[in-house]
Amino acid sequence: MKQRKYTPYLVSLAIALGAGTLSGWLIKDHLWMYQDLQKPPLAPPSRLFGVVWPILYILMGISAAMIYTADKNKGENALTVYGTQLFFNFFWGILFFNLNAYLFSFIWLVLLIWLVAYMLTEFYKIKPLAAYLQIPYFLWLLFAGYLNLSVYLLNR
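Predicted model only: the values in this text are computed from it and were never measured. (Residues numbered from 1 in each chain as written. Predicted model: local features only at pLDDT ≥ 70, side-chain atom pairs only at ≥ 80, totals over all residues. Heavy atoms only, no water.)

Here's the deal with a nonpolar patch on the surface
Residues Y124, L129, Y132, I135, L139 and L142 make up a contiguous nonpolar surface patch of roughly 580 Å² in combined accessible area. Considering each element in turn, the nonpolar patch owes the most residues, five residues, to helix α6 (residues 128-154). For Y124, the location among the structural elements is in helix α5 (residues 102-126). Assessed through its relative accessible area of 43%, Y124 is described here as partly exposed. (Patch = residues over 30% accessible without salt bridge, like charges linked within 9 Å, V, L, I, M, F, W, Y side chains within 5 Å. Areas by Shrake-Rupley, 256 points an atom, 1.4 Å probe, with all protein chains shown as cover. Salt bridge = Lys/Arg side-chain N within 4 Å of Asp/Glu carboxyl O. Helix = DSSP H or I, 4+ residues; strand = E, 2+ residues; numbered from the N terminus. Buried < 20%, exposed > 50% of the residue type's maximum accessible area, 1.4 Å probe, protein only.)

Here is the structure:
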């Protein structure tokens with residue numbers, strides 16, 4: 001019985017961390033270019049990203065599992081939004097690092113931020129704690145928006 005209780009959490013963590021790991025693997029050969037870009041004030045050292053993102057993916061996975069286990073009928077729309085934002089999250093790094101499409105990746109990121117804000121409201125309706133766990137991710141995306149737009153403006 002206990003195993004079934006934790007299965008949604010393990011699956012959700014595997015999905016979130018898997019998406020992040022695969023995206024990171026696909027961009028790893030292009031990360032060097034970030035060092036050569038002009039960056040804005042407040043740009044953190046590159047190694048910080050490797051610490052922050054796994055934590056955010058873990059929080060995302062736990063949060064999504066909480067919604068899944070809370071009420072499967074109410075959670076369907078919320079989890080669809082979650083999956084959509086995870087898709088946008090997955091491709092942002094490819095657009096930014098692999099394709100150097102800084103303006104397009106910023107627009108993509110604005111859509112991602114909107115999706116996460118919508119997801120937060122949907123999660124909150126079902127289980128407020130699940131929404132609260134997404135707040136660090138939302139704030140990090142806002143910061144990423146600042147960095148992305150700044151990189152675009154400084155490196156045209």
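Don't stop here, the text continues.
Quick look at the nonpolar core
Counting residues in hydrophobic clusters, the biggest one holds 45 residues, and the most contacted among them are Y82, F96, V116, F123, Y137 and L141. Counting only elements with at least two residues in this core, the list comes to α1 (2-27), α2 (32-36), α3 (46-70), α4 (72-98), α5 and α6. Filtering out sequence-adjacent residues up to four positions away, Y137 remains in contact with W53, L56, M60, Q85, N89, L112 and V116. (Core = buried A, V, L, I, M, F, W, Y, C linked by side-chain atoms within 4.5 Å. Contact = heavy atoms within 4.5 Å.)

Side note on α3
Here α3 is 25 residues long and its end C-alpha atoms lie 37 Å apart, about the 36 Å a rise of 1.5 Å per residue gives. By the burial criterion, the buried members of α3 are V52, W53, L56, Y57, M60, G61, S63, A64, A65, M66 and I67. (Expected span 1.5 Å × (residues − 1).)

What to know about the packing of aromatic side chains
Applying the stated criterion across every chain yields a total of 20 aromatic pairs. Taking the centre distance of 4.9 Å and the plane angle of 75° together, the rings of F96 and F97 count as edge-to-face. This pair shows no difference in class: F96 is buried, exactly as F97 is. Connected via pairs of aromatic rings, a cluster forms that spans Y34, F49, W92, F96, F97, Y102, W140, F143 and Y146. If you follow K39 out to its NZ or CZ, it ends over the ring of Y34, 4.9 Å from the centre. (Phe/Tyr/Trp six-rings, centres within 6.5 Å; stacked < 30°, edge-to-face > 60°. Lys NZ or Arg CZ within 6 Å of the ring centre and 35° of its normal.)

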